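Now for the letters of each chain:
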Amino acid sequence: MSLCLVIDDMHPSLPAYLEPLGVTLHYRPGLTAAEVPAALAAHPYEGLVVRSKLRVTRELLAHGPHLRYVCRAGAGVDNVDETALSEAGVTLLNAPEGNRDAVGEYAVGLLLALLRHLPRADAEVRAGQWHREANRGEEIGGKTIGLLGYGHMGRAFARRLSAFGCTVLAHDADPACPPDDYATLVPLAELQARAEVLSLHIPYSAANHQFVNEDFLAGFANAIWLLNTARGEVLDHAALVSRLRTGQVRGAALDVLENEKLLTLNPDQQTRFDYLRAAPNVVLAPHIGGWTVQSYERINAVLARKLGGFLGQ
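Residues numbered from 1 in each chain as written. Predicted model: local features only at pLDDT ≥ 70, side-chain atom pairs only at ≥ 80, totals over all residues. Heavy atoms only, no water.

With an unreviewed UniProt entry as reference, the chain is termed Phosphoglycerate dehydrogenase, source organism Hymenobacter rubripertinctus. As stated in UniProt under Sequence similarities (unreviewed entry), the record for the chain gives "Belongs to the D-isomer specific 2-hydroxyacid dehydrogenase family." (UniProt positions renumbered as here; feature names shortened; annotations may be inferred.)

Right, dumping it as structure tokens:
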């Protein structure tokens, strides 16, 4: 039997997936981040299931000496100190396969909303305005779409773009990134030379902090539309605002922001956010790319499959 602490809200199917594996759950999503260390110390937990409530650090792991695995219910693991887990002999399991389809579909929706001015047109009609010519949009077909990062999310987006008659280029930092039929893997310089749309699909890490910055954006030969469904911290928002002002970024669709706790923005962040929320060529959403009814349960299924493999089931 493996005792596992769950500290975030999960789809109610979780016990049905994990109990057949011999995993007993202590489901405590009401715990605050500050209460988790004491909860870990109170029982011989072998497992911990988290979303994004807290950072899994070396200090936290010290309170769970029996931990063997941490399940991150989602794709991103930027709130997990992977080095500390490795040193402690704790296995990290995450579930990008669980919400990749949700993100792939959503990225198409963001691109359509951006190119066809859907949020602005909706607001205008609701206000009693009927501006057809001012809302003449662009088609995806015929465009060259550049994907920065070609893991689960980038591939899911590329697969859906294949129906639109566009050219999809992808660049991934991993030289062993496998090719497929939906995108052409290219060097970064080629992506910058050809892309008309840039979509970000890289994970957040120290190396990727503001990877898309002023110099990076200056390297594009074309004025671009920019989509970010990855993490807000991979994009330098000051550079984005600067390029939006000059028109070198024609528009942006942002599902993630540099600081998503909007009541805690510092003065510079607030100034940038005020510009973005007022800009007619910017689409904003509250980090919901992978947030669907279907992905909510599918994440449980993926974690169960991976955990079963880890436990030898």
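(A) How the structure looks around the packing of aromatic side chains. The full count for this structure, using the stated rule, is three aromatic pairs. Pairing Phe211 with Phe216 gives two aromatic rings, centres 5.6 Å apart and planes at 55°, and the pair type is tilted. Judged by its relative accessible area of 7%, Phe216 falls in the buried class. Where Phe216 meets Phe220, the ring centres are 5.5 Å apart and the plane angle is 65°; that geometry is what we call edge-to-face. You'll find Phe216 and Phe220 in the same group, each marked buried. Site record: aromatic cluster; members linked through ring pairs are Phe211, Phe216 and Phe220. (Phe/Tyr/Trp six-rings, centres within 6.5 Å; stacked < 30°, edge-to-face > 60°. Buried < 20%, exposed > 50% of the residue type's maximum accessible area, 1.4 Å probe, protein only.)

(B) Representation of the domain arrangement of the chain within the structure. With domains assigned, the chain is organised as domain 1 (2–98 + 293–312) and domain 2 (139–280). Relative placement of domain 1 and domain 2: their C-alpha centres are 30 Å apart. Of the roughly 410 Å² buried between domain 1 and domain 2 on both sides combined, carbon and sulfur atoms contribute 57%. Three residues stand out in domain 1 for area buried against domain 2, namely Asp78, Pro96 and Glu97, and they jointly supply 79% of the buried area on that side. Taken together, domain 1 and domain 2 are joined by one salt bridge. (Domains from an automatic or database assignment. Buried area = accessible area lost by both parts, 1.4 Å probe. Salt bridge = Lys/Arg side-chain N within 4 Å of Asp/Glu carboxyl O.)

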